[in-house]
Amino acid sequence: METVFNEIQHSVKNWWTSLLLGIVYIIVALWLMFSPVSSYIALSIIFSVSMLVSGILEIIFAISNKKGVPSWGWYVVGGIIDLILGIYLIAYPMVSMEVIPFIIAFWLMFRGFSSTGYSIDLKRYGTRDWGWYMAFGILAILCSLLILWQPAIGALYAVYMISFTFLIIGLFRVMLSFELKNLHKRK
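All chains use their own residue numbering, which begins from 1 and follows the written sequence. With the structure being a predicted model, the display of local features is reserved for residues of pLDDT at least 70 and the display and counting of side-chain atom pairs for 80 or more, all residues being used for whole-chain, interface and lining totals. To get the side-chain values, take all heavy atoms of the structure and skip hydrogens and water.

1. Here's the deal with the overall build of the protein
At step 1: A tally of regular secondary structure across the protein gives six helices and zero strands.
At step 2: Listing every helix and strand of the protein by position from the N terminus yields α-α-α-α-α-α.
At step 3: For the protein, buried positions account for 48% of its 187 residues.
At step 4: Per-residue and other accessible areas were derived by the Shrake-Rupley procedure at a 1.4 Å probe size, with only the shown protein chains allowed to occlude residues. On the protein, roughly 9,300 Å² of surface is accessible, and the fraction owed to carbon and sulfur atoms is 73%. Counting from the N terminus, the helices are DSSP H or I runs at least four residues long and the strands are E runs at least two residues long. Relative accessibility decides the category of a residue: with a 1.4 Å probe and only protein chains considered, values under 20% of the type maximum give buried, values over 50% give exposed, and everything between is partly exposed.

2. Let's talk about the side chain of Thr17
At step 1: Relative to the helices and strands, Thr17 is located in helix 1 (residues 16–34).
At step 2: Given a relative accessible area of 2%, Thr17 falls into the buried group.
At step 3: For Thr17, the residues in contact, after removing those within four places along its chain, are Leu57, Ile60 and Phe61. The criterion used for residue contact is that any of the two residues' heavy atoms lie within 4.5 Å.

3. Description of the UniProt feature "transmembrane region" (unreviewed entry) in the protein
At step 1: UniProt positions are given in the numbering used here, feature names are shortened, and annotations may be inferred rather than shown by experiment. Within this structure's numbering, the places UniProt gives as "transmembrane region" (unreviewed entry) are residues 15–34, 40–60, 72–93, 99–118, 130–149 and 155–176.
At step 2: Structurally, residues 72–93 is divided into 95% helix and 0% strand, and its ends, taken at the C-alpha atoms, are 31 Å apart.

4. Brief notes about the side chain of Thr116
At step 1: By secondary structure assignment, the location of Thr116 is in helix 4 (residues 93–124).
At step 2: A relative accessible area of 13% places Thr116 in the buried class.
At step 3: For Thr116, the contacting residues outside a window of four places in its chain are Met134, Gly137, Ile138 and Ile141.

5. Some thoughts on the environment of Gly22
At step 1: Its place among the elements puts Gly22 in helix 1.
At step 2: What makes Gly22 buried here is its relative accessible area of 0%.
At step 3: Taking the C-alpha atoms as reference points, Gly22 and Ser54, 32 residues apart in sequence, are found 9.5 Å from one another.
At step 4: Setting aside residues no more than four positions away along its own chain, Gly22 makes contact with Gly170, Arg173 and Val174.

6. What to know about the nonpolar core
At step 1: Counting 38 residues, the largest nonpolar core has Phe47 and Phe166 as the members making the most contacts within it.
At step 2: Broken down by element, this core gets its largest block of residues, nine residues, from helix 6 (residues 155–182).
At step 3: Residues within four places of Phe166 in sequence aside, it is in contact with Tyr25, Val28, Ala29, Phe47, Ser50 and Trp107. We call a set of buried Ala, Val, Leu, Ile, Met, Phe, Trp, Tyr and Cys residues a nonpolar core when their side-chain atoms join them within 4.5 Å.

7. Describing the packing of aromatic side chains
For any pair of aromatic rings, the description rests on two quantities: the centre-to-centre distance and the angle between the ring planes.
At step 1: Only centres within 6.5 Å qualify two rings of Phe, Tyr or Trp (six-membered ring in Trp) as a pair; their planes then separate them into stacked at under 30 degrees, edge-to-face at over 60, and tilted for everything else. Tallied over the full model, the rule gives eight aromatic pairs.
At step 2: Consider the rings of Phe61 and Tyr75, whose centres lie 5.5 Å apart with planes at 70°: the pair is edge-to-face. Note that Phe61 is positioned in helix 2 (residues 40–64) and Tyr75 in helix 3 (residues 72–91), a separation of 14 residues in sequence.
At step 3: For the pair Trp107 and Phe166, a centre-to-centre distance of 5.7 Å together with 55° between the ring planes defines the contact as tilted. With Trp107 in helix 4 and Phe166 in helix 6, the pair connects residues that are 59 residues apart, well separated along the chain.
At step 4: Judged by its relative accessible area of 5%, Trp107 is buried.
At step 5: By relative accessible area, which is 1% here, Phe166 ends up buried.
At step 6: Clustering of aromatic rings is evident, with ring pairs tying together Phe61, Tyr75, Tyr118, Tyr133 and Phe172.

8. Focus: the pattern of salt bridges
Note on pairing: side chains with opposite charge can pair once their charged atoms come close.
At step 1: Whenever a carboxyl oxygen of Asp or Glu lies within 4 Å of a side-chain nitrogen of Lys or Arg, that contact is scored as a salt bridge. Within this structure, the stated rule accounts for two salt bridges.
At step 2: The shortest N-O distance in the salt bridge between Glu58 and Arg111 comes to 2.9 Å. Of the two residues, Glu58 is situated in helix 2 and Arg111 in helix 4; the sequence distance between them amounts to 53 residues. Of the two residues, Glu58 and Arg111, neither departs from the other in class, the shared state being buried.

9. A few points about the environment of Ser163
At step 1: Counting through the fold element by element, Ser163 comes out in helix 6.
At step 2: Taking C-alpha positions, Ser163 is 9.9 Å from Leu43, a pair spaced 120 residues apart along the chain.
At step 3: Excluding residues within four positions of it along the chain, Ser163 makes contact with Ala29, Leu32 and Met33.

The following block contains the structure:
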């Protein structure tokens, strides 16, 4: 399977979408950590909207880079999955409240495995900081396993665990955006 880093001939278009997405995740993480979240409904709505935004930004990135990124189709698929998930959860907030720990855990697991794959590609292209990308991916996978292991431990724990994992994914996306911007200079 080819990735975004294979055969990049020029700078990646719209690298800023990854930066914007990372900033959105970091803002959501900080809001969840430092605001008194009094209801699980608020978490459900925040997660639903962030999935919707994530899907839109990932589809924009994929379509704008379909000529330069051989694996752009995988990015479209990931964006469509996030978009559909966001729309569904917004339409049915009660369902999302019941299953949100599982949805978040599997989504984080998917993102964590994607992050570890990106880190291996970055290592192949000579990025010195590839280990940080790998660490973020592994942390996201571990957090997803913790959420799956104890999904009913209470809303407060879930809020803090989810905010921590959103922070991890947000930092990864910010770092990745700058790596995508500068990758072509190293070839």
